[in-house]
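Notes for the structure review
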Amino acid sequence: MPTATNPTKHPNGRVRGACPHDCPDTCALDVVVVDGRVVKVTGAADHPPTAGVLCPKVAFYPERIYHPDRLLYPQRRVGGKGPGAKFTRISWDEALRTIAERFRQIADAHGAEAIVPYSYAGNSGLLGYGSMDRRFFHRLGASRLDRTICASAGAAGYSATIGASVGFDAEAIVDARLLILWGTNSVVSNLHFWRLAQEARRRGARLIAIDPCRTVTAEKCDWHIAPLPGTDSALALGMMHVLIRDDLLDRDYIERHTLGFDALRQRVRDYPPARVAAICDIDEADVEKLAHAYGTATPAAIRANYGLNRTAGGGMALRTVACLPALTGAWRHPAGGILLSTSGNYPVDSHALERPDLMPTPRPRTINMSTIGHDLLRAQPPIKALFVYNSNPVAVAPHAAEVVRGFARDDLFTVVHDLFQTDTADHADILLPAPSHMEQLDIHKSYGHLHIQLNRPAIAPLGEALSNTELFRRLARQMGFDDACFADSDEDLCRQAFDWRDPRLAGVSWDTLKATGHARLNLPSGAAPFANGGFPTPSGKCEFYSENMARAGLDPLPAFIAPREWRQSPLARDFPLALITPPARNFLNTSFANSPRFLAQEQSPAVHLHPDDAAARGIGEQTTVRIFNRRGEFRARAIVSERVRPGVAMATSIWWRKLSPDGRNCNEVTSQALTDMGQGATFYDCLVEVAPV
Ligand SMILES: Nc1nc2c(c(=O)[nH]1)N[C@H]1C(S)=C(S)[C@@H](COP(=O)(O)OP(=O)(O)OC[C@H]3O[C@@H](n4cnc5c(=O)[nH]c(N)nc54)[C@H](O)[C@@H]3O)O[C@H]1N2
Ligand SMILES: Nc1nc2c(c(=O)[nH]1)N[C@H]1C(S)=C(S)[C@@H](COP(=O)(O)OP(=O)(O)OC[C@H]3O[C@@H](n4cnc5c(=O)[nH]c(N)nc54)[C@H](O)[C@@H]3O)O[C@H]1N2
Ligand code: SF4
Ligand SMILES: [Mo]
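Not measured: the values here are computed from a predicted model.

Rules behind the numbers
Every chain begins its residue count from 1, and numbering advances along the sequence as written. In the order they appear in the text, chains get letters beginning with A and ligands get numbers beginning with 1. The predicted nature of this model means local features are confined to residues of pLDDT at least 70 and side-chain atom pairs, given and counted, to a pLDDT of 80 or more, with totals for whole chains, interfaces and linings taken over all residues. Side-chain metrics in this entry use all non-hydrogen atoms of the structure; hydrogen atoms and water are not considered. Working definition: residue near molecule or strand if any one of its non-hydrogen atoms lies within 4 Å of it. Polarity classes work like this: nonpolar for Ala, Val, Leu, Ile, Met, Phe, Trp, Tyr, Cys and Pro, charged for Asp, Glu, Lys and Arg, and polar for all others, with Gly in that last group. Marked domain ranges trace back to an automatic or database domain assignment. Should any heavy atoms of two residues lie within 4.5 Å, those residues are counted as being in contact. Accessible area that two parts lose when put together, with a 1.4 Å probe and added across both, is what the buried area reports. Note on definitions: angles span 0 to 180 degrees between N-to-C directions of axes, and those axes are lines fitted to C-alpha atoms, for helices only across the stretch in contact. The numbering of helices and of strands both runs from the N terminus, where a helix is a DSSP run of H or I of at least 4 residues and a strand a run of E of at least 2. In this scheme, roughly parallel covers angles under 35 degrees and roughly antiparallel covers those over 145, while 65 to 115 is roughly perpendicular and the rest are oblique. Exposure classes here rest on a 1.4 Å probe applied to the protein chains alone. A residue is buried below 20% of its type maximum, exposed above 50%, and partly exposed in between. The term polar contact refers here to a pair of N or O atoms within 3.5 Å; inside protein, the definition further demands a hydrogen-donor-capable atom paired with an acceptor-capable atom, and it admits residues adjacent in sequence only when both atoms are side-chain atoms. In the sections that follow, a salt bridge refers to a side-chain nitrogen of Lys or Arg positioned within 4 Å of a carboxyl oxygen of Asp or Glu. The criterion for strand pairing is that DSSP finds at least two bridges linking the strands in question. Accessible surface area values rest on a Shrake-Rupley calculation with a 1.4 Å probe, where residue burial reflects the displayed protein chains alone. Centres within 6.5 Å are what make two rings of Phe, Tyr or Trp a pair, Trp counting through its six-membered ring; a difference in plane orientation under 30 degrees is then read as stacked, over 60 as edge-to-face, and the rest as tilted. Criterion for a charge above a ring: Lys NZ or Arg CZ within 6 Å of the ring centre, and within 35 degrees of the ring normal.

For the rest of this paragraph, the subject is the site of ligand 3. All residues in the neighbourhood of ligand 3 are listed as Cys19, Cys23, Asp25, Thr26, Cys27, Leu54, Cys55, Val58, His192 and Leu588. A class-by-class count of the residues in the shell around ligand 3 yields seven nonpolar, two polar and one charged.

Moving on to the domain arrangement of the chain. Domains assigned within the chain are domain 1 (75-149 + 352-452 + 461-500), domain 2 (153-340 + 536-551) and domain 3 (571-692). The partner domain 2 presents eight residues to the five residues of domain 1 that form the contact. When the two sides are added together, the surface that domain 1 and domain 2 hide from each other amounts to roughly 370 Å², 46% of it contributed by carbon and sulfur. It is Tyr447, Gly448 and Leu450 that lose the most area in domain 1 upon contact with domain 2, and together they represent 73% of the buried surface on that side.

For the pair helix 9 (residues 232-245) and helix 11 (residues 261-268), the least separation of the axes is 9 Å and the interaxial angle reads 110°. With respect to helix 11, the axis of helix 9 lies roughly perpendicular. Between helix 9 and helix 11, the contacting residues are Leu237, Met240, His241 and Ile244 on the first element and Phe261, Leu264, Arg265, Arg267 and Val268 on the second. When the residues that make up the contact of helix 9 with helix 11 are grouped by side-chain class, the tally is six nonpolar, one polar and two charged.

Mapping Ser467 onto the fold places it in the loop between strand 19 (451-455) and helix 20 (468-478). On the basis of relative accessible area, Ser467 is assigned to the buried category, the value being 10%. Distance in space between the C-alpha atoms of Ser467 and Leu441 is 9.1 Å, their sequence separation being 26 residues. Residues contacting Ser467, with those up to four places away along its chain left out, are His417, Pro435, Gln440 and Asp490. Of the polar contacts made by the side chain of Ser467, one reaches the backbone nitrogen of Glu470; its length is 3.2 Å.

What follows covers the pattern of salt bridges. Tallied over the entire structure, the rule returns 48 salt bridges. Close ionic contact of Asp429 with Lys81 constitutes a salt bridge, the shortest N to O distance being 3.8 Å. In this pair, Asp429 is assigned in the loop between strand 16 (413-418) and strand 17 (430-433) and Lys81 in the loop between strand 4 (75-78) and strand 5 (86-89), connecting sequence segments 348 residues apart. In terms of burial, Asp429 and Lys81 fall into one category: buried. Between Arg355 and Asp357 there is a salt bridge, with its nearest N and O atoms 2.8 Å apart. With a relative accessible area of 24%, Arg355 lands in the partly exposed category. Through salt bridges that share partners, Asp175, Glu199, Arg202 and Arg203 make up one connected network.

With that settled, consider the sheet that holds strand 18 (residues 442-444). Here we have three strands laid out as an open sheet, ordered 18-19-20, and antiparallel in their pairing. Among the strands making up the open sheet, the edge pair consists of strand 18 and strand 20 (518-520). Along the sheet, successive strands turn relative to each other by an average axial angle of 10°, direction set aside. Both strand 19 and strand 20 contribute to a ladder of three bridges, which runs antiparallel. If you follow His451 over to strand 20, its bridge partner there is Arg520.

This part is about the site of ligand 2. Taken together, 33 residues surround ligand 2, and among them Ser189, Asp211, Asp232, Pro583 and Phe587 come closest. In the environment of ligand 2, a nitrogen atom lies 2.9 Å from a nitrogen or oxygen atom belonging to the backbone of Val188. Here Phe587 contributes a backbone N or O atom positioned 2.6 Å from a nitrogen atom of ligand 2. In isolation ligand 2 has 910 Å² of accessible area, and contact with the protein removes 98% of it. Each of two domains, domain 2 (153-340 + 536-551) and domain 3 (571-692), supplies a minimum of three residues to the shell around ligand 2.

Each aromatic ring pair is characterised by the separation of its centres together with the angle its planes make. Within the structure shown, the criterion is met by 24 aromatic pairs. Judged by centre distance (6.0 Å) and plane angle (75°), the rings of Trp331 and Phe535 are edge-to-face. With Trp331 in the loop between helix 15 (324-328) and strand 13 (337-339) and Phe535 in the loop between strand 20 and strand 21 (542-543), this residue pair connects regions lying 204 residues apart in the sequence. Here Trp331 and Phe535 have matching classes, each one buried. Joined through ring pairs, the aromatic side chains of Phe103, Phe136, Phe137, Phe387, Tyr389, Phe413, Phe472, Phe481 and Phe486 make up one cluster. Sitting over the ring of Tyr73, Arg89 keeps its end group 4.1 Å from the ring centre. Over the aromatic face of Tyr129 sits the side chain of Arg134, whose NZ or CZ is 4.9 Å from the ring centroid.

If you want it as structure tokens, here you go:
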């Protein structure tokens, strides 16, 4: 095991941290340090959302920090790109000099736009996610990156209706009478919300899951409805049809706090339960029953999540579902309404952190991270250099054949900064070591709760690892960028991260945060955010009709947008199964998917098939199968079970390619087509066929 070779000034004892992974729960951590080593990590008991509990992944965190494969010093590739790539150790001086020289050459020959940053939320701290790095690329004049791989469609659709990424306070839902978990596997991906849902249930709430799969969450709910992937907007329109037809409405709330009810009423006439049942492939009676359950329970809450936003109509799905609580007046109650993400509640000062004013005019082009394969092969002017950090695109980006071909280009200069030699790192020219968050200072918001948190470094960086902020600080110096902002320390950045004068931070300052480690936003607890309207939309109302949508050339009203790869299209004759690839319990995207403990628990890539679909293809339990379409194929062992509905195949993700038996993963078959709004990825809009090998 590598040891901390740097002398540590960190004392023994307990250090308060925050979980940096891309997870809505953003747990507060108590990190126990002995002799400069992390020996134990527990969930902070005094942080209400965490309540002393961690998911298994982070409970075993010392295994990740001291994993024998941690990258400890900069390296340069010797030999070819790709799986099995070999590297040799170099100094940080040489690494930074090489990068700066290549960037200068490329900028001179092709313009700085030929250089593209590629990052996502591998580190979700405000500093780690986007601060010094953004300043660096803005000042360089590099291409901008549209970070669309996860949530941009849902965020756009939800905002069209509600106005921003805000909703009910999760801590209040314990008093709900009905809770719909819509496109979310909370036990796996939002564990601390599940704790609250169970408390609600103990107090009498009914739980309903809407998910094509009977997940560990769905099986624990009182009722599970399994529509086809990508049909949620139709289901919500059918519910609205019934609510309006049967007058299960809060007319006073509609009158005062919504826009476009008459147009919506017209629209939902097109979605009678029989039509909706046919689209979703569920029982007509279930559409009626669901609408009545929702329309008669008070308070009724909907926890929607990003499982809904990964098909062609992903934006419209969230836009449509988000209309429901205004029809019934569910927003009147603290335990009612809907929540997709809480991130819009935070007064983050992204201008101060990222300094877009450093960008040249005219502003550089934008590259969409969800089409990186296509753009590496075909963008004009061509991409000549790629700097990857906080992300593992060779494993996580759609249409892997194109992504891999793009990364394999001989004329592409690639820098990768990570804790591990990922599938992406195998393509690096220069590979740089990153520290774990326990080795760096950061400050956090959350997208599942309403607290801000401090992450203190518990130990010194292992080996020669440099944080994202320090890496880009040094690279800026190497490039000769002398703007004062490149000298900001991590503590300076923490202070700049929020607008501390915002009323939502009343009573909280950087100094109080340093003392307490976490603080709740100053939002009234136990209050319903939109009981009296006041939506952050242009009209201040919940917008059933959206002028913004109309102006963008989109349907101003909720509608069903069929998946692009729809089972009624000719494509379905050759590829009849709808593949979805949601997160595995023991992985977090690709993080932890190189941990011996969690690999052992997940065993090997698996695809779940309904018994009818398996039998029709001669597939038995544990048969090795190919999952394929025109884009590519990957292999997995079959699990035959009624957990997936007929017509759907489900393969949990995201495996490292090089740690999979066939050297590939599920993104071989996913597509680079984009969503209706937000230019998002459509991972769950993917027809395939499955056959025994
Ligand atoms: N088929 C399919 N594909 C998917 C999805 C799916 O459901 N199905 N989900 C999509 C979604 S929702 C997302 S968000 C993306 C996620 O895709 P990624 O963002 O690529 O996933 P992560 O595994 O969270 O993080 C990537 C890397 O960041 C590194 N990292 C962690 N901390 C730091 C740090 O401080 N500095 C640096 N430089 N690196 C660090 C980690 O070691 C890890 O290798 O994948 C998408 N891809
Ligand atoms: N353990 C673990 N936790 C994670 C992650 C992880 O990889 N592992 N990833 C993190 C990240 S980056 C994100 S974005 C969040 C994601 O958080 P969620 O969006 O809650 O994601 P999932 O847990 O994948 O739940 C999505 C569920 O939606 C279902 N689903 C798929 N397509 C559809 C559809 O069209 N309609 C409906 N109704 N349901 C559908 C899937 O079967 C799955 O059960 O989780 C975060 N938390
Ligand atoms: S991954 Fe999520 S549930 Fe697990 S410790 Fe981190 S924030 Fe908490
Ligand atoms: Mo995500």
